[in-house]
Amino acid sequence: MRTAEVHYGSDGQVNLTVPKGTKMADIAKLQEMVIAKINPRGCQACLSGVHFNIREELEHVMKVDLDKMAAIKGTTIGH
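Note that the coordinates shown come from a computational prediction; the quantities given were computed from them, not determined experimentally. (Residues numbered from 1 in each chain as written. Predicted model: local features only at pLDDT ≥ 70, side-chain atom pairs only at ≥ 80, totals over all residues. Heavy atoms only, no water.)

### A short note on the overall build of the chain
Along the chain, the regular secondary structure elements total two helices and five strands. Listing every helix and strand of the chain by position from the N terminus yields β-β-α-α-β-β-β. Looking at the chain residue by residue over its 79 residues, the buried ones come to 16%. Excluding contacts between residues fewer than 6 apart, the proportion of contacts in the chain whose partners are at least 24 apart in sequence is 43%. Taken as a whole, the chain presents about 6,500 Å² of accessible surface, with 55% of it coming from carbon and sulfur. (Helix = DSSP H or I, 4+ residues; strand = E, 2+ residues; numbered from the N terminus. Buried < 20%, exposed > 50% of the residue type's maximum accessible area, 1.4 Å probe, protein only. Contact = heavy atoms within 4.5 Å. Areas by Shrake-Rupley, 256 points an atom, 1.4 Å probe, with all protein chains shown as cover.)

### What about a nonpolar patch on the surface?
A grouping of Val-61, Met-62, Val-64, Leu-66 and Met-69 is seen on the molecular surface, where their side chains present a nonpolar patch of about 500 Å² in accessible area. Considering the arrangement of structural elements, one finds Met-62 in the loop between β3 (51-56) and β4 (64-65). (Patch = residues over 30% accessible without salt bridge, like charges linked within 9 Å, V, L, I, M, F, W, Y side chains within 5 Å. Salt bridge = Lys/Arg side-chain N within 4 Å of Asp/Glu carboxyl O.)

### Some remarks on the nonpolar core
With six residues, the main nonpolar core is built from Val-14, Leu-16, Val-18, Ile-27, Val-34 and Phe-52. For this core, the secondary structure elements donating two or more residues are β2 (13-18) and α1 (24-38). If one sorts the elements of this core by residue count, β2 sits on top with three residues. (Core = buried A, V, L, I, M, F, W, Y, C linked by side-chain atoms within 4.5 Å.)

### Focus: the sheet that holds β2
As summarised here, the arrangement of the three strands in space is β1-β2-β3, forming an open sheet in which the pairing is mixed. Each edge of the sheet is formed by a strand with only one pairing partner; in this case those strands are β1 (5-8) and β3. The average angle at which neighbouring strand axes cross in this sheet is 15°, direction not considered. (Pairing = 2+ DSSP bridges. Axes fitted to C-alpha atoms, helices over the stretch in contact; angles between N-to-C directions.)

### Looking at the confidence of the model for the chain
Confidence in the prediction for the chain averages 80 pLDDT; 78% of positions are at 70 or higher. Element-level pLDDT for the chain is lowest in helix α2 (residues 44-47), with a mean of 59, against a maximum mean of 89 in β2. (pLDDT = per-residue confidence, 0-100.)

### Description of the side chain of Thr-22
Secondary-structure assignment places Thr-22 in the loop between β2 and α1. Take Thr-22: its relative accessible area is 16%, and that puts it in the buried class. Side-chain polar atoms of Thr-22 contact the backbone oxygen of Pro-19, separated by 2.6 Å. Beyond its immediate stretch of four places on either side in the chain, Thr-22 contacts Arg-2, Ile-27 and Glu-56. (Polar contact = N/O pair within 3.5 Å; in protein donor to acceptor, adjacent residues only side chain to side chain.)

### Looking at the pairing of β2
Bridge count between β1 and β2: four bridges; the pairing is antiparallel. Its bridge partner being in β2, His-7 is matched across the sheet by Asn-15. Here β1 folds back onto β2 in antiparallel fashion, the turn holding four residues, of which Gly-12 has a positive phi close to 85°. Two elements, β2 and β3, share six bridges in a ladder whose sense is parallel.

Below is the structure:
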């Protein structure tokens, strides 16, 4: 199953992360659905200024323990 992640920030930005290789036609359909579902606090004229950031999902490299500022053992790729 291919999945996308959608986040809406308090700064008025919509961030969309799609799997690598997602076609632009699919992104356009997804963008239309997201705007209809989230309706980021405004009328259609207000939505023209909403930033819609689209990016491909990145490879998982490692997880970091922020309290210790150290890589979590077993999650670092290539080591």
